[in-house]
2 protein chains.
Amino acid sequence: MSGMHLSLDEVWSLGATALLAHGCDEANAAAVATTMTFAERDLAASHGLFRLPGYVAALDSGKVDGTAQPRISHPAPAVVRVDAQRGFAPLGLERGRPHLVDTARSQGVAVMALVHTHHFAALWPEVEALCAEGLVALACPAYTPMVAPAGARQAFFGTNPLAFGYPRADEPPMVFDQASAAMARGEIQIAARDGHEVPEGTGLDAHGNPTTDPAAVLEGVQLPFGGYKGSAIALMVELLAAGLIGDWFSYEAAQHDNHDGGPARGGEFLLAIDPARTGADPSLAHSEAFFAALLDLDGVRLPGDRRHQARLRTPIEGISIPASLYDEIVALGGRRH
Amino acid sequence: MSGMHLSLDEVWSLGATALLAHGCDEANAAAVATTMTFAERDLAASHGLFRLPGYVAALDSGKVDGTAQPRISHPAPAVVRVDAQRGFAPLGLERGRPHLVDTARSQGVAVMALVHTHHFAALWPEVEALCAEGLVALACPAYTPMVAPAGARQAFFGTNPLAFGYPRADEPPMVFDQASAAMARGEIQIAARDGHEVPEGTGLDAHGNPTTDPAAVLEGVQLPFGGYKGSAIALMVELLAAGLIGDWFSYEAAQHDNHDGGPARGGEFLLAIDPARTGADPSLAHSEAFFAALLDLDGVRLPGDRRHQARLRTPIEGISIPASLYDEIVALGGRRH
């Protein structure tokens, strides 16, 4: 694959200028570009500039307001509500975060309900940002139906990722960010391209029968990880990110979407807890001993390790994106400088 | 299997009298007996009177204080801390619950940290009790190592159940309560007895190799559900139920336990959120429409359905326990009336 080599600054500029060219104001363009840059920095290309054409499509169709100003309220002492006013999620998250951090510290725990927004990014940056403040954090959004509940044969749950983070003493926080689908759609596409089978439990074919043929899964439906237990996690995500905060469930998001290729509307639930207020060892030595014992087991790696390795290199070495994607972004108004 | 038929009142009496005979005060005996009775009512025998000999062993060895009086504090406006003072969990949960409910309502969200306790029961009753107050609830305890983290070949995580509940309008709350092990140990034992294979991913043999032979898994180690994603959920449970609240991780609990057959010491993390303060539709019509759409899919059943079916019958029909267990409980001082 021929690639275009970019510094992280160039990633940011490409993203921000294309968004500005399609109606984002500076605050929204910067927030979304930063989110895409974090993904490229961590070599998570599927959430990086790869998403830009979708963001632009949502601006062009008028589904998303690129000049939205999030409105923040405090409906209860330990609850922050961010109404993103039909904007992309990154600015709402950025503006809401200080309120969430302050509330978690003053109350011990806080919920942030982010609503009326369009989320199209990885979750780990928002969870990491809370862990960087010394908080334990959890985040989950609903999305558009991709996954059949256990027992069913049609898509109903979103990919419904769940991210959780715990601060470390002298290391980047431990953060996992995992979809409730058994396998990422991109991985299934790659297996189909390469002629490999996928494990049982990855998905069903178009007739609702189990299959290990990735092409058949792509025409059928994906399944949750871990059978009915993973399905229960996906159900929890729907209820937290939609029912509890009064935004759309995944199936509603799909019904209302204009299918422009950009992110559907959906809410996000965030939880932040201050371990200093719940009885944790303030030095974190207790949890560090746990992490050390865990890592002492042969074969164990902490979630997020690959991201942390990647970000040691990419600020120096830069990253590559496919030349075709680069050309597309330039055609959309993206500039490297 | 020859069985002894019991009414639910008799279940409660058998449990309470045996506990009183081994040093519990009335409050502790009643709380633990109620917990076991809830399990029998729901036909979850593995958490019912089956546990009584373990409770008694922990009293006899002095590991657990049957007269413990939980101490409740409010270290932060949205945090309730219950120090069970080395008692069984049920009394701490019972005494702490009104504080958790009030705090969740006044603050919007609240954490309850239950520490210095011995938990040996199903989680769904405590989550259901919070849902009955109109709250969304999550609970998880750490326990003693039973499950190898993904990639490892030895037990390190506890069974680490996670329970989550969401209130319904005219139905019992939706509550799931699931261990992070792929299969319950009891199910593996039954497969071994009956000569059936278990699915790949259930566990490893004593040499750390994957196996579908249940007897080999019982000599080896269990695996988390859903591979590395389920392992991440188990990791989250450890961090919430131990690191965050300052109680023992599963591996520490095992190191300190006296192996009397009773429950090891461990903490429990509970979270309660008032949906009326986070933007949920107050009538619950929005989430009810979601549940209806979900149940409209062929093959879908809500978690907890079997429990709800069971409890329609058992208060009338009673339950059965093995005659050998009944005899054991009577020998321990249990009386039916």
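Just above sits the structure.
Just so it is clear, the model here is predicted, and its values are computed rather than measured.

### Focus: the side chain of A:Arg51
Residue and element names in this part refer to chain A. Within the fold, Arg51 resides in the loop between helix H2 (26-41) and helix H3 (52-60). Notably, Arg51 is buried but unbridged: the nearest opposite-charge side chain belongs to Glu40, and the N-O separation is 9.4 Å. Among the polar contacts listed, one links the side chain of Arg51 to the side chain of His47, at a separation of 3.3 Å. The residues touching Arg51, leaving out its near neighbours within four places in the chain, are Ser46 and Phe120.

### Examining the nonpolar core
Among the nonpolar cores identified, the biggest contains 84 residues, and A:Phe164, A:Phe269, A:Phe290, B:Phe164, B:Phe269 and B:Phe290 are the most heavily contacted of them. Not counting residues up to four positions away in its chain, the partners in contact with A:Phe290 are B:Phe156, B:Phe157, B:Leu235, B:Glu238, B:Leu239, B:Phe249 and B:Tyr251.

### A closer look at the relation of the copies chain B and chain A
For the match of chain B to chain A, the screw axis carries a shift of 0.0 Å, the RMSD comes to 0.0 Å, and the turn is 180°. A rotation of that kind, with that shift, is consistent with a two-fold axis. Every residue of chain B has its C-alpha some distance from the rotation axis, and the shortest such distance is that of B:Gly226, at 1.8 Å. Here 100% of the interface residues in chain B have copies in chain A that are interface residues too; the copies meet face to matching face.

### Considering the interface of chain B and chain A
Taken residue by residue, the interface counts 72 residues in chain B and 72 residues in chain A. Roughly 5500 Å² is buried in total at the junction of chain B and chain A, and carbon and sulfur atoms are behind 73% of that figure. Ranking the residues of chain B by area buried against chain A places B:Lys229, B:Leu244 and B:Phe290 at the top, with a combined share of 13%. The interface formed by chain B and chain A holds zero salt bridges in total. Between the two partners, chain B and chain A, sit 24 residue pairs in polar contact (both at pLDDT 80 or more). Per element, the largest residue contribution to the side of chain B that touches chain A is twelve residues, and it comes from helix H8 (residues 227-243) of chain B. When grouped by side-chain class, the residues that make up the side of chain B that touches chain A number 50 nonpolar, 15 polar and seven charged.

Thresholds applied
Residues numbered from 1 in each chain as written. Chains lettered and ligands numbered in written order. Predicted model: local features only at pLDDT ≥ 70, side-chain atom pairs only at ≥ 80, totals over all residues. Heavy atoms only, no water. Helix = DSSP H or I, 4+ residues; strand = E, 2+ residues; numbered from the N terminus. Buried < 20%, exposed > 50% of the residue type's maximum accessible area, 1.4 Å probe, protein only. Lys, Arg positive; Asp, Glu negative; His and termini not counted. Salt bridge = Lys/Arg side-chain N within 4 Å of Asp/Glu carboxyl O. Polar contact = N/O pair within 3.5 Å; in protein donor to acceptor, adjacent residues only side chain to side chain. Contact = heavy atoms within 4.5 Å. Core = buried A, V, L, I, M, F, W, Y, C linked by side-chain atoms within 4.5 Å. Least-squares fit on C-alpha atoms with pLDDT ≥ 70 in both. Buried area = accessible area lost by both parts, 1.4 Å probe. Nonpolar A, V, L, I, M, F, W, Y, C, P; charged D, E, K, R; others polar.

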